[in-house]
Amino acid sequence: MHLTLSVIKADIGGYVGHSESHPEVMARATECMAKAKQEGLLIDYHVTKCGDDLELVMTHQQGENNERIHRLAWDTFVSGTEVAKKLKLHGAGQDLLASAFSGNVKGMGPGVAEMEFTERVAETVIIFMADKTSSGAWNMPLYKMFADPFNTIGLVIAANMHCGFSFEVHDVKGSKKITFCTPDEIYDLLVFIGAASRYMVKAVYHRDSKEIAAVSSTQKLAFIAGRYVGKDDPVCIVRSQGEFPAVGEVLEPFASPILVEGWMRGSHMGPLMPVAVCDSTPSRFDGPPRVISLGFQLSGGKLVGPRDMFDDKAFNLARHQANEMADMMRRHGPFEPHRLPLEEMEYTTMPQVMEKLADRFVDID
Ligand code: F6R
Ligand code: MG
Ligand code: MG
């Protein structure tokens, strides 16, 4: 069966502050999704949240970038925003940057990851969703999953994976894309994806079968709005098992927390903490950034699941380490490398201060 799996998300109001999504907003979204399923547009859906982001997971047969699916997501966010406004949630409708829907939600605020494929005999997918960070946060985890044999032993010992994977990388500032084949080109690849605020892994493909293996959202809210309106809080879909990394290989990168950009006011580096859905409630200094992962088996497009994959004691140490890293970073207060470098601050809170002081800067003799 040929299917499309779409994950479309938006922050349409926080409860309390930017720390969580309100159950009534999620209930409204569920109503909208149920109606679309009843009408036959969706095969199945799952509504969840990561922090203050409302996440719509949908299966259908309309293909990627489909106007009806994108309109459904947009209308769901608009409808949820009505509830958020009624409850006076914080930042109600925050990510709906356009005044009206115009064919595709990309470029209008919401984040989008979609993939089209023929469902395998057993189709295992893991969906990652993050809050208080930006799309580049997936670069290192995707690299580890699909190109690092210290993470994914299958690259070495599984015949169906030994050929490697290709990475489609987007330059989100230059609006260009390029594809690298691994393992041959890992050094070239790393030159770019190591700069995760500009170069982002958009998709990964199996080199032999050409099958799509992973896809991420790379929408940059600051570029769309031209100013800071919240971080992108990205999503990523990964196919698993068989010719793709096993579930444990897909989750393994998150066992060693890394520093990502985001956190308070989208202007800081902080650890990405893997948590269960119920713990995706960034509170300390509006963070630290969180990532959740939901696992599904697909059956004729039905979403069998989810299993809350980080709701596992094996990730306790990673959470503990992330909290230690958070302490270490917080010690720097307003200093780099906790605070983002100037170039990134351009899209956050810095421009007004620079403008105010511009004529007080004089030449050094
Ligand atoms: C980060 C984030 C929060 C807000 C902060 C100020 O992505 O959402 O840290 O930036 O709470 O929020 P406002 O400006 O809405 O009062
Ligand atoms: Mg928010
Ligand atoms: Mg958010």
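Observations regarding the overall build of the protein chain
Secondary structure summary: the protein chain contains 10 helices and 15 strands in total. In terms of overall dimensions, the protein chain is globule-like: its C-alpha atoms have a radius of gyration of 20 Å, near the 21 Å expected for 365 residues. With respect to the principal axes defined by its C-alpha atoms, the protein chain has extents near 70 × 50 × 40 Å. Partitioning the contacts of the protein chain with sequence separation of at least 6, the portion at a separation of at least 24 is 69%. Surface exposure of the protein chain reaches about 15,900 Å², of which carbon and sulfur atoms provide 54%. Measuring between centres, the 37 positive side-chain charges of the protein chain sit 4 Å from its 48 negative side-chain charges.

Digging into the packing of helix α3 (residues 139–147) against helix α5 (residues 186–193)
Relative placement of two packed helices is described by the angle separating their axes and the distance separating the axes. Closest axis-to-axis distance for the α3/α5 pair is 11 Å, and the angle between their directions is 165 degrees. Classified by the angle their axes make, α3 and α5 are roughly antiparallel. Here α3 and α5 pass one another in a crossing that is right-handed. Each of N139, Y143 and A147 in α3 lies in contact with α5, whose residues at this interface are I186, L189, L190 and I193. Here the residues of the contact of α3 with α5 are counted per class, giving six nonpolar, one polar and no charged.

Observations concerning empty space enclosed by the protein
Unfilled space is identified by rolling a water-sized probe across the atoms. If you walk through the whole model with that rule in mind, you get four cavities of 30 Å³ or more. Considered as a void within the structure, the second largest cavity measures approximately 60 Å³ in volume. Surrounding the second largest cavity, M140, P141, K144, P253, F254, S256, P257, I258 and L272 form its lining. Of the residues that constitute the lining of the second largest cavity, the class distribution is seven nonpolar, one polar and one charged.

Some thoughts on the layout of surface pockets
Put simply, the largest pocket is a space of about 360 Å³. Contributing to the lining of the largest pocket are 21 residues, with G136, G194, A196, L259 and M269 lying nearest its centre. Contributions of two or more residues to the lining of the largest pocket are made by α3, α5, β11 (259–262) and α9 (342–345). Here the lining of the largest pocket is composed, by residue class, of 12 nonpolar, six polar and three charged. Size it by volume and the second largest pocket reaches roughly 250 Å³. Split by domain, the residues of the lining of the second largest pocket number at least three in each of domain 1 (1–117) and domain 2 (119–357).

Here's the deal with the side chain of Q94
In this fold, Q94 is placed in the loop between α2 (67–86) and β4 (111–118). A polar contact of 3.5 Å, which involves the side chain of Q94, links it to the side chain of D95.

A look at the domain arrangement of the protein chain
Considered domain by domain, the protein chain is made up of domain 1 (1–117) and domain 2 (119–357). For domain 1 versus domain 2, the separation of C-alpha centres amounts to 21 Å. Residue-level contacts link 35 residues of domain 1 with 42 residues of domain 2. Together, the buried faces of domain 1 and domain 2 total about 3,000 Å²; carbon and sulfur atoms form 68% of this surface. The largest share of the area that domain 1 buries against domain 2 comes from C50, M115 and F117, three residues that together contribute 19% of it. If you look at where domain 1 meets domain 2, you find one salt bridge. In this structure, the salt-bridge partner of K132 is D52, at a minimum N-O distance of 3.1 Å. In this structure, the connection of domain 1 to domain 2 is made through 12 residue pairs in polar contact (both at pLDDT 80 or more).

Considering the pairing of strand β14 (residues 290–299)
The buried fraction of β14 is high, at eight of 10 residues. In this structure, strand β5 (residues 123–131) lies alongside β14, joined through nine bridges in antiparallel fashion. If you follow T124 over to β14, its bridge partner there is Q297. In this sheet, strand β15 (residues 302–308) lies alongside β14 in antiparallel orientation, the contact comprising five bridges. When the bridges of β15 are listed, L294 appears paired with D308. With antiparallel pairing between neighbouring strands as the criterion, β14 and β15 make up a hairpin whose turn holds two residues, including G300 at a positive phi of roughly 60 degrees.

Quick notes on the rules
- Residues numbered from 1 in each chain as written.
- Chains lettered and ligands numbered in written order.
- Predicted model: local features only at pLDDT ≥ 70, side-chain atom pairs only at ≥ 80, totals over all residues.
- Heavy atoms only, no water.
- Helix = DSSP H or I, 4+ residues; strand = E, 2+ residues; numbered from the N terminus.
- Rg over C-alpha atoms; globule rule 2.2 N^0.38 Å.
- Contact = heavy atoms within 4.5 Å.
- Areas by Shrake-Rupley, 256 points an atom, 1.4 Å probe, with all protein chains shown as cover.
- Lys, Arg positive; Asp, Glu negative; His and termini not counted.
- Charge placed at Lys NZ, Arg CZ, Asp CG, Glu CD.
- Axes fitted to C-alpha atoms, helices over the stretch in contact; angles between N-to-C directions.
- Parallel < 35°, antiparallel > 145°, perpendicular 65-115°, else oblique.
- Left-handed = near helix turned anticlockwise from the far one by under 90°.
- Nonpolar A, V, L, I, M, F, W, Y, C, P; charged D, E, K, R; others polar.
- 1 Å grid on protein atoms, 1.4 Å probe; cavity = no way out; pocket = protein on both sides within 12 Å on 5 of 7 lines; lining within 4 Å.
- Points joined across faces, edges and corners; volume = space filled by probe spheres on them.
- Domains from an automatic or database assignment.
- Polar contact = N/O pair within 3.5 Å; in protein donor to acceptor, adjacent residues only side chain to side chain.
- Buried area = accessible area lost by both parts, 1.4 Å probe.
- Salt bridge = Lys/Arg side-chain N within 4 Å of Asp/Glu carboxyl O.
- Buried < 20%, exposed > 50% of the residue type's maximum accessible area, 1.4 Å probe, protein only.
- Pairing = 2+ DSSP bridges.

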